[in-house]
Amino acid sequence: MRDIEISAATSIVVLTGAGISQESGLDTFRDAGGIWARYDIDDVATPEGFRRNPPLVHDFYNEQRREAAIARPNPAHVALAELEKAWPGRFLLVTQNIDGLHEKAGSKALFHMHGTLDGFLCEACGKRGPWKGDMSSASICPLCGTKGALRPDIVWFGEMPYHMPEIYRALGEADLFLSIGTSGTVYPAADFVREARQAGALTVELNLEASRRGHGLFDIEIEGKASECVPAFVHDLLKGRRP
């Protein structure tokens, strides 16, 4: 066990993945039966796929947007929002998720490194903004008025995730790093635990099962449903107890 005690932590960075939203009824991506078992990544999650077949890509994200709109945060989302409010030090939540459930739960100190379903990116003017409802090749950019240039504000494979300088700065200052519901297979997020550990942070994984890539890098590994283990961990953390 590393020297730092949880009770001595002053700065927390949390990374969340699709596993935290699974209990809200949203599919994960890489599990058996997950989204990438039903769709080809190259077709719906790359710039090249969008250029080949914009209607297919729009239909894919329209379906996800509709599902996310009716999904509700589960106790894990709520617990992280409560941790942010109660924590006396620095706190940053970084999510790979695009579903907006952290915001619904009340999280504020939040970076969406892979974008959001409720946003647009205009390929004509290069600007981003909020978006509600379906999107299509006939949609008009509300900022520049161009028709047919909108795409979902999602970071696709081969593109640079958002907020990376701020995220790496926070990781370098963190005393405690939590990884929740992520497979640890998608970079650069998969390397966040290494960055935090090198900076001296205590590293904790909360997952349905321990991620293979994180083996040996997490000081504490907690297996279980996010809706159960995250609230319990947050409760102990705020009480100054080790899990």
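Visitor: Is there a simple way to explain helix α9 (residues 226-238) in this structure?
Guide: Owing to its 3.6 residues per turn, the α-helix aligns residues three or four sequence positions apart on the same side. For α9, spanning 13 residues, the distance from its first C-alpha to its last is 18 Å, which sits close to the expected 18 Å at 1.5 Å a residue. Of the surrounding secondary structure, the elements contacted by the buried residues of α9 are β1 (11-16), α5 (75-86), β7 (176-180), β8 (202-207) and β9 (220-223). At the exit of α9 stands G240, carrying a positive phi of roughly 80°.

Visitor: Is there a simple way to explain the sheet that holds strand β6 (residues 150-154) in this structure?
Guide: Spatial ordering of the open sheet is given by β5-β4-β6, a layout of three strands whose pairing is antiparallel. Strands at the two margins of the open sheet, each flanked by one partner only, are β5 (128-130) and β6. Averaged over all pairs of adjacent strands, the angle between strand axes in this sheet comes to 45°, irrespective of strand direction. Pairing of strand β4 (residues 115-122) with β6, which is carried by four bridges, proceeds in the antiparallel orientation. Along β6, the bridge assignment pairs C122 with L150. Here helix α4 (residues 54-70) sits on the sheet and contacts β4 and β6; the angle it forms with β6, its principal contact strand, is near 50°.

Visitor: How should I be thinking about the layout of surface pockets in this particular structure?
Guide: In this approach the atoms are scanned with a rolling probe the size of a water molecule, which exposes any empty space left behind. Empty space within the second largest pocket amounts to approximately 240 Å³. If you trace the second largest pocket, you find 14 residues lining it, with R65, A68, A69, D118 and K132 closest to the centre. Looking at the lining of the second largest pocket, the elements with two or more residues in it are α4 and β4. Its residues assigned to classes, the lining of the second largest pocket shows five nonpolar, two polar and seven charged.

Visitor: Explain the state of the cysteines to me, please; I cannot follow it from the model alone.
Guide: Two cysteines whose sulfur atoms are joined by a covalent bond form what is called a disulfide. Under the counting rule described, the total for this entry stands at zero disulfides. Free of any disulfide, C141 has its nearest neighbouring cysteine sulfur in C122, separated by 3.7 Å. Between C144, a cysteine without a disulfide, and C141, which holds the nearest cysteine sulfur, the sulfur-to-sulfur distance is 3.7 Å.

Visitor: Could you clarify how one ought to interpret the pairing of β1 in this entry?
Guide: Most of β1 sits inside the fold, with six of its six residues counted as buried. Burial along β1 is two-sided: the residues S11, V13 and L15 and I12, V14 and T16 are all buried. As defined by bridge partners, β1 adjoins strand β2 (residues 90-95) across six bridges and the pair is classed as parallel. Counted as the bridge partner of V13 is L92 from β2. Alignment of β1 against β7, held across five bridges, turns out to be parallel. Looking at the pairing, I12 lines up with L176 of β7.

The rules behind these values
Residues numbered from 1 in each chain as written. Predicted model: local features only at pLDDT ≥ 70, side-chain atom pairs only at ≥ 80, totals over all residues. Heavy atoms only, no water. Helix = DSSP H or I, 4+ residues; strand = E, 2+ residues; numbered from the N terminus. Expected span 1.5 Å × (residues − 1). Contact = heavy atoms within 4.5 Å. Pairing = 2+ DSSP bridges. Axes fitted to C-alpha atoms, helices over the stretch in contact; angles between N-to-C directions. 1 Å grid on protein atoms, 1.4 Å probe; cavity = no way out; pocket = protein on both sides within 12 Å on 5 of 7 lines; lining within 4 Å. Points joined across faces, edges and corners; volume = space filled by probe spheres on them. Nonpolar A, V, L, I, M, F, W, Y, C, P; charged D, E, K, R; others polar. Disulfide = S-S within 2.5 Å. Buried < 20%, exposed > 50% of the residue type's maximum accessible area, 1.4 Å probe, protein only.

Shape is all these values report; function is a separate question.
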